[in-house]
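These are the residues of each chain, in order.
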Amino acid sequence: MKKSFLIVLFLSLSMMGQNNSKKSASNLETITLGGGCYWCIEAVFENLVGVKTVVSGFSGGKVANPSYEAVCTGKTAHAEVVQITFDKKATNLDEILKVFFTVHDPTTLNRQGADVGTQYRSVIFYRNEEQRKTAQDIINNLNANKVYNNPIVTKVDPFKIFYEADDSHQDYYEYNKNKPYCRMVIQPKLEKFEKVFKDRLKKK
C-alpha cells in the first residue's frame, strides 16, 4: 500500500462548519458498514468528531433476528456491521468512508486478518443513491491510484435491515481494553486511525 498517498488522499477533505449549536434530525445521516469484526470498527468510529451513535449488529443475511453464535457459523449470510449515525454539520459521508477504508483491509475476500468467513466481509450497505455513488467513487479512486497492492473487493449493497447485537457486544473495546484481542487487533487499528485523522478526534 502506498501509505503516503493514502494519507494525503484521505486528509484532502473540505469539512463542514460547526457554528450552529442546535442539531436537528435533518442534519443526521445513517450508514451501515462491515469491515471485519464489528468491535474493531465500532471502537474507531466512536472517536470520530461528528459521529453521534455507533451500534454493532448484523446486516445482509437471510435469517431474522440472528444470534451472534449463529452469525459466527457463516450460515445466516449476515455480515458483522456497525450502524453509524453522524451529524452532517460536523462530518460527512466522504470522511466516514475514508476512515472506513483506512482502518480495515478492503482487498481480502471474506476475512480480516485471522477472522475468516463471510460474516467478516468488507461491505457498504447504502440507503440512497448518494451513498451508493459516494462509496463507488471512492473505491474507483483508490483502485485507479493503486493505493492497495490488490484490487478492492468491498461490496456496495442496498440496505435492507439491521439487527442490533446483544448489549454485551456494544462498546466492547471500552469495557475490555486489557483482553488479548483488544490489545492485539483493535488497538493497532485505533492507533492508525488516531495518526491519520489526528485533527478529527473527539476531545476526551
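Rules of the game
- Residues numbered from 1 in each chain as written.
- Predicted model: local features only at pLDDT ≥ 70, side-chain atom pairs only at ≥ 80, totals over all residues.
- Heavy atoms only, no water.
- Buried < 20%, exposed > 50% of the residue type's maximum accessible area, 1.4 Å probe, protein only.
- Helix = DSSP H or I, 4+ residues; strand = E, 2+ residues; numbered from the N terminus.
- Pairing = 2+ DSSP bridges.
- Phe/Tyr/Trp six-rings, centres within 6.5 Å; stacked < 30°, edge-to-face > 60°.
- Lys NZ or Arg CZ within 6 Å of the ring centre and 35° of its normal.
- Axes fitted to C-alpha atoms, helices over the stretch in contact; angles between N-to-C directions.
- Salt bridge = Lys/Arg side-chain N within 4 Å of Asp/Glu carboxyl O.

Peer 1: Talk me through helix H2 (residues 38-45); I want residue IDs and the actual numbers.
Peer 2: With respect to burial, H2 is a largely interior element, eight of its eight residues being buried. For H2, the set of buried residues is Tyr38, Trp39, Cys40, Ile41, Glu42, Ala43, Val44 and Phe45.

Peer 1: Tell me about the pairing of strand E1 (residues 28-35), and name the residues and values.
Peer 2: In terms of residue burial, E1 counts as a mostly covered element, since six of its eight residues are buried. In this sheet, strand E3 (residues 79-87) lies alongside E1 in antiparallel orientation, the contact comprising six bridges. Paired with leucine 33 across the strands is valine 82, a residue of E3.

Peer 1: Any chance you could break down the packing of aromatic side chains for me, citing the residues and the numbers?
Peer 2: Counted by the stated rule, this structure contains eight aromatic pairs. Measuring from centroid to centroid gives 5.6 Å for tyrosine 38 and phenylalanine 58, while their planes differ by 45°, and the two rings are tilted. A residue pair is termed long-range when its members are at least 10 positions apart, and tyrosine 38 in helix H2 and phenylalanine 58 in strand E2 (residues 51-59) qualify at 20 residues. Taking the relative accessible area as the measure of exposure, tyrosine 38 reaches 1% and is therefore buried. Three or more aromatic residues joined by ring pairs make a cluster, and in this case those are Tyr38, Trp39, Phe58, Tyr68, Tyr172 and Tyr181. Sitting over the face of the ring of phenylalanine 159, arginine 127 holds its NZ or CZ atom 3.7 Å from the ring centroid.

Peer 1: Please set out the sheet that holds strand E6 (residues 122-126) residue by residue, giving values where relevant.
Peer 2: Ordered in space as E7-E6-E1-E3-E2-E8, the six strands form an open sheet in which the pairing is mixed. The open sheet is flanked by strand E7 (155-158) and strand E8 (162-164), the only strands paired with a single partner. Sheet twist, expressed as the mean angle between neighbouring strand axes with direction ignored, is 35°. In this structure, E1 lies alongside E6, joined through four bridges in antiparallel fashion. Among the inter-strand pairings, threonine 32 is bridged to a residue of E6, identified as phenylalanine 125.

Peer 1: Tell me about the pattern of salt bridges, residues and numbers included.
Peer 2: This structure, assessed with the given rule, holds five salt bridges. Of the charged contacts, one joins glutamate 95 and arginine 200 as a salt bridge, the two residues approaching to 2.8 Å between their closest N and O atoms. Residue glutamate 95 is located in helix H4 (residues 93-103), and its partner arginine 200 is located in the segment after helix H7 (180-196); the two are separated by 105 residues in the primary sequence. Per residue, the accessibility class of glutamate 95 equals that of arginine 200, and both read buried. The salt bridge partner of glutamate 174 is lysine 177, with a shortest N-O separation of 4.0 Å. On the accessibility criterion, glutamate 174 (49% relative accessible area) is partly exposed. We classify lysine 177 as partly exposed; its relative accessible area is 41%.

Peer 1: Could you give an account of unusual backbone geometry, naming the residues involved and the relevant values?
Peer 2: Of note in this structure, asparagine 65 is not a glycine but carries a positive phi near 50°. Structurally, the position occupied by asparagine 65 is in the loop between E2 and helix H3 (68-72). Residue classification places asparagine 65 among the exposed residues on the basis of a relative accessible area of 63%. One non-glycine residue with positive phi stands out, namely aspartate 171, at about 55°. Take aspartate 171: it is sitting in the loop between E8 and helix H6 (172-175).

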